[in-house]
Amino acid sequence: MSQQPVPLAEHHAVYRRVALRELGPDMRIGLNLAFYRTFAIPRIARLLADTGEMTERTGKRADDTGLMLYELIHHGPAHPRGRHVIAALNRIHRVYDITPDEYRYVLGTLIFIPVRWVNRHGPRRLRPEERDAAFHFWSEVGRLMNIRDLPPTWAEFEAWFDGFERAELGHDPAATALIGATRHLLAAKFPRPLRRFAGAFGDALLDEDLRRALGVPRPGPAVRVTVAVMLRLSAVTRRFRKPRDFFVPGQPSRHYPEGYALEQLGPDPLRPVPRR
């Protein structure tokens with residue numbers, strides 16, 4: 001007897017539980033690293049730099065991106081707030097000359113990079129049904145964003161994703177500008193006495209291929225060991241903590257200390273740029 005496909009609503013419920021409750025801190029780091037990974041594709045890095053959003057309105061751009069993703073994960077693409085986010089993403093991106101492969105790659109970062117991070121550094125590995133839930137959730141988002149030719153299985157998409165990186169990952173001066181503009185955002189997450197080391201600690205979260213593509217120096221052994229120990233201790237201690245909700249819609253953020261409305265999220269006005 002053939003197995004019935006799992007409804008999308010069930011995939012969303014599983015993914016929301018993992019991303020916003022049980023493994024929220026780990027998934028957040030993974031999503032942040034997914035964002036940084038796009039800087040390592042030269043054409044994408046140049047587009048991000050040319051819009052000015054990351055270099056001139058860094059705090060708002062970072063908040064808007066995170067809040068839109070978490071709104072989507074919390075409510076799901078079928079909910080009115082999820083549909084609002086999808087419509088906003090389509091409106092924002094349609095003014096830019098983005099290739100289908102670039103769309104597909106950015107979507108892949110949201111699937112594979114957080115899962116890989118959790119499996120390596122989280123308090124536990126994702127179960128097969130949780131990994132599948134992440135894949136189906138973001139694949140549905142991709143479908144609603146009209147991203148063409150999405151691979152239909154995890155294995156096929158992951159093989160395409162890794163092949164794209166082998167061919168395209170590389171350094172561009174735009175990546176240096178993007179890293180320089182966003183590094184202070186990571187520093188702000190550390191306790192004040194540690195903030196002067198935050199740049200090196202953040203660099204230690206990046207794998208070697210990504211560091212080379214971004215032009216980021218390899219941290220020294222002491223920093224790498226310290227970060228590895230901190231990650232391990234965090235993973236072990238969180239195994240014994242009660243999970244808590246990681247996101248509340250409308251919650252305050254750096255750029256929106258009084259909370260936000262969905263209509264505030266995203267660039268205003270949109271500034272189209274030529275591709276180069």
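Our structure's up above, just so we're on the same page.
What follows concerns the packing of helix H1 (residues 8-22) against helix H8 (residues 128-144). Following both chains from N to C, one finds H1 and H8 inclined at 110 degrees, their axes separated by 8 Å at the closest point. Comparing the axis directions of H1 and H8 gives the class roughly perpendicular. Of H8, the residues touching H1 (which contributes Leu8, His11, His12, Val14, Tyr15, Arg17, Val18 and Glu22) are Glu129, Glu130, Asp132, Ala133, Ala134, His136, Phe137, Trp138 and Glu140. By residue class, the composition of the contact of H1 with H8 is eight nonpolar, three polar and six charged.

Applying the stated rule across the entire model yields 24 salt bridges. For Glu22, the salt bridge goes to Arg124, with nearest N and O atoms at 2.8 Å. One end of the pair, Glu22, is in helix H1; the other, Arg124, is in the loop between helix H7 (100-121) and H8, with 102 residues separating them in the sequence. Looking at Glu22, the relative accessible area reads 30%, which means it is partly exposed.

Turning to a nonpolar patch on the surface, a few remarks are in order. Taken together, the side chains of Val225, Val229 and Leu233 make up a nonpolar region of the molecular surface, amounting to roughly 270 Å² of accessible area. Here Val229 lies in helix H13 (residues 221-238). Its relative accessible area of 43% is what places Val229 among the partly exposed residues.

Applying the stated criterion to the full structure yields 18 aromatic pairs. When the centroid spacing of 4.9 Å and the interplanar angle of 10 degrees are considered together, the rings of Tyr105 and Phe161 count as stacked. Of this pair, Tyr105 sits in helix H7 while Phe161 sits in helix H9 (residues 154-168), and the two are 56 residues apart along the sequence. Of the two residues examined, Tyr105 and Phe161, each falls in the buried class.

Let us now look at the environment of Arg254. Considering the arrangement of structural elements, one finds Arg254 in the segment after H13. Judged by relative accessible area, which is 46%, Arg254 ranks as partly exposed. There is a polar contact of 3.2 Å between the side chain of Arg254 and the side chain of Asp63.

A few words on unusual backbone geometry. Positive phi values are uncommon outside glycine, yet Asn146 reaches one of about 60 degrees. Note that Asn146 resides in the loop between H8 and H9. The exposed category is assigned to Asn146, whose relative accessible area is 61%. The phi torsion at Asp149 lies on the positive side, around 55 degrees, for a residue other than glycine. By the element assignment, Asp149 lies in the loop between H8 and H9. Residue Asp149 is classed as exposed on the basis of its relative accessible area, which comes to 65%.

The rules we used
- Residue positions are given per chain, counting from 1 as you read along its sequence in written order.
- Predicted model: local features are reported for residues with pLDDT of at least 70 only, side-chain atom pairs are reported and counted for 80 or more only, and whole-chain, interface and lining totals are derived from all residues.
- As a rule here, side-chain values cover all heavy atoms of the structure and leave hydrogens and water aside.
- In this analysis an axis means a line fitted to C-alpha atoms, helices contributing only their contacting stretch, and an angle means the value between N-to-C directions, from 0 to 180 degrees.
- The secondary structure listing takes helices from DSSP runs of H or I that are at least 4 residues long and strands from runs of E that are at least 2 residues long, numbered from the N terminus.
- Oblique is the label for any angle not covered by the other classes, which are roughly parallel (under 35 degrees), roughly antiparallel (over 145) and roughly perpendicular (65 to 115).
- Contact between two residues is taken to exist if any of their heavy atoms lie within 4.5 Å; hydrogens are not considered.
- Nonpolar residues are Ala, Val, Leu, Ile, Met, Phe, Trp, Tyr, Cys and Pro. Charged residues are Asp, Glu, Lys and Arg, and all others, Gly as well, are polar.
- Salt-bridge detection follows one rule: a side-chain nitrogen of Lys or Arg within 4 Å of a carboxyl oxygen of Asp or Glu.
- Between buried and exposed lies partly exposed: a residue is buried under 20% and exposed over 50% of the maximum accessible area for its type, with that area taken using a 1.4 Å probe on protein chains only.
- Candidates for patches are residues over 30% relative accessible area with no salt bridge; among them, like charges are joined within 9 Å and nonpolar side chains (Val, Leu, Ile, Met, Phe, Trp, Tyr) within 5 Å.
- Surface exposure here means Shrake-Rupley accessible area, sampled with a 1.4 Å probe, where a residue is shielded only by the protein chains that are shown.
- Here is the rule: rings of Phe, Tyr and Trp (six-membered ring for Trp) pair when centre to centre is within 6.5 Å. Planes less than 30 degrees apart are stacked, more than 60 are edge-to-face, and the remainder are tilted.
- A 3.5 Å cut-off defines polar contacts: any pair of N or O atoms within that distance qualifies, except that in protein one atom must be a possible hydrogen donor and the other a possible acceptor, and neighbouring residues in sequence count only when both atoms are side-chain atoms.

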